[in-house]
Amino acid sequence: MVKIATYNVNSINAHLEVVLDWLAAADIDVLLMQEIKCEWGAFPTMMFKQAGYNCAVLGQKSYNGVAIASKFKLDNVVSGLPGLADDQARFIQADTCGLTIANVYVPNGNPVETKLDYKLEYMKALNKYAASKVNGSAAFVLGGDFNVIIEDRDAYDIAQYRTNALAHPSVRAAFRQCCNLGFTNAFRAVHPDAVAYTWYSYSRGQVMADHGLLIDHILLNPSAADRLRDAGVDKSVRMKSNTSDHVPLICELA
């Protein structure tokens, strides 16, 4: 069994202890991290190596940044979304443990008036790339912080997000287009009726009240979906002090 998790760490150096402790406790094989918020040279590669993980990093000073940590060798690393000229560090991919795994941090898109177009342009390029990975025998996993509230139930109070880029009709349509290529949403395949969240505001009491959003997702092409055994959200890490505002989303593949 291979356990894959996606986790927006909201600054890896600020929350390193929590991330490493959680990795060990959850026994994760491959971790996809978003918003590492540091350049490659400042990423704590040695700490991950001591914990048994190889790392591939696409960093950016103070903002964005993505990384893959794997207990297995990382080959054929791709930095940056193919087909899109973009100076923001939002996409990294590698072959590991018999899978091709892509890690994405989709733009937030707010405020809508000035940033939605960039988000939609990014999602269009992502869908085009994803289309090239649907067919064939190679298992492909696309995970990360998509910044998309797919359905109304994926927000505690959807009324607050009717005009927000996370739930904008064009953003939801772009995400559906990706799924309709032939991808399986790992969490929904295992828990079709569940309500669970991967992001909680730092505002007091939001976690305990379970007032959150489900905006992190893992998509599987048919070859990977055939191997899906389980998926879930680990809210426990959000209860710790000095932690990210996101929580990990996990899937297990045979």
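How each quantity is defined
Residues numbered from 1 in each chain as written. Predicted model: local features only at pLDDT ≥ 70, side-chain atom pairs only at ≥ 80, totals over all residues. Heavy atoms only, no water. pLDDT = per-residue confidence, 0-100. Helix = DSSP H or I, 4+ residues; strand = E, 2+ residues; numbered from the N terminus. Pairing = 2+ DSSP bridges. Axes fitted to C-alpha atoms, helices over the stretch in contact; angles between N-to-C directions. Contact = heavy atoms within 4.5 Å. Buried < 20%, exposed > 50% of the residue type's maximum accessible area, 1.4 Å probe, protein only.

Draft legend 1. Region of the structure containing the confidence of the model for the protein chain. For the protein chain, the mean per-residue pLDDT works out to 97, and 100% of the residues sit at or above 70. Across the protein chain, the element-wise mean pLDDT spans from 97 in helix 1 (residues 16-26) up to 99 in strand 2 (residues 30-34).

Draft legend 2. Quick look at the sheet that holds strand 14 (residues 249-253). As summarised here, the arrangement of the six strands in space is 3-4-2-1-14-13, forming an open sheet in which the pairing is mixed. Looking at strand neighbours, the two that pair on one side only are strand 3 (54-58) and strand 13 (228-233), the edges of this open sheet. Between one strand axis and the next, the sheet turns by 15° as a mean value, whatever way the strands run. Direction of pairing for strand 1 (residues 2-8) relative to strand 14: antiparallel, over a ladder of five bridges. Bridging across to strand 14, valine 2 finds its partner in leucine 253. The strands touched by helix 1 are strand 1, strand 2 and strand 14; relative to strand 1, the strand with the most contacts, the crossing angle is about 160°.

Draft legend 3. Main features of the sheet that holds strand 8 (residues 140-145). Pairing is mixed in the open sheet, where six strands are placed in the order 5-6-7-8-12-9. On the outer flanks of this sheet lie strand 5 (75-79) and strand 9 (184-185), each paired with one strand and no other. Sheet topology places strand 7 (residues 99-105) next to strand 8; six bridges connect them, and they run parallel. Bridged to valine 104 within strand 8 is glycine 144. Along the sheet, helix 3 (residues 112-131) contacts strand 6 (91-96), strand 7 and strand 8; its crossing angle with strand 6, the most-contacted strand, is approximately 20°. Across the sheet, helix 4 (residues 169-180) touches strand 8, strand 9 and strand 12 (216-220), and the angle it forms with strand 12 is around 25°.

Draft legend 4. Local environment of the environment of alanine 26. Structurally, alanine 26 is set in helix 1. With a relative accessible area of 12%, alanine 26 lands in the buried category.

Draft legend 5. Fine view of the pairing of strand 4 (residues 66-70). The element strand 4 is extensively covered by neighbouring structure, given that five of its five residues are classed as buried. Taking every second residue as pointing to the same face, both faces of strand 4 are buried, with Val66, Ile68 and Ser70 on one and Ala67 and Ala69 on the other. Across five bridges, strand 2 lies against strand 4 in antiparallel orientation. Within the sheet, the bridge partner assigned to methionine 33 lies in strand 4 and is alanine 67. In the sheet, strand 3 pairs with strand 4 via five bridges, with the strands oriented antiparallel. Across the sheet, the residue bridging to leucine 58 is valine 66, located in strand 4.

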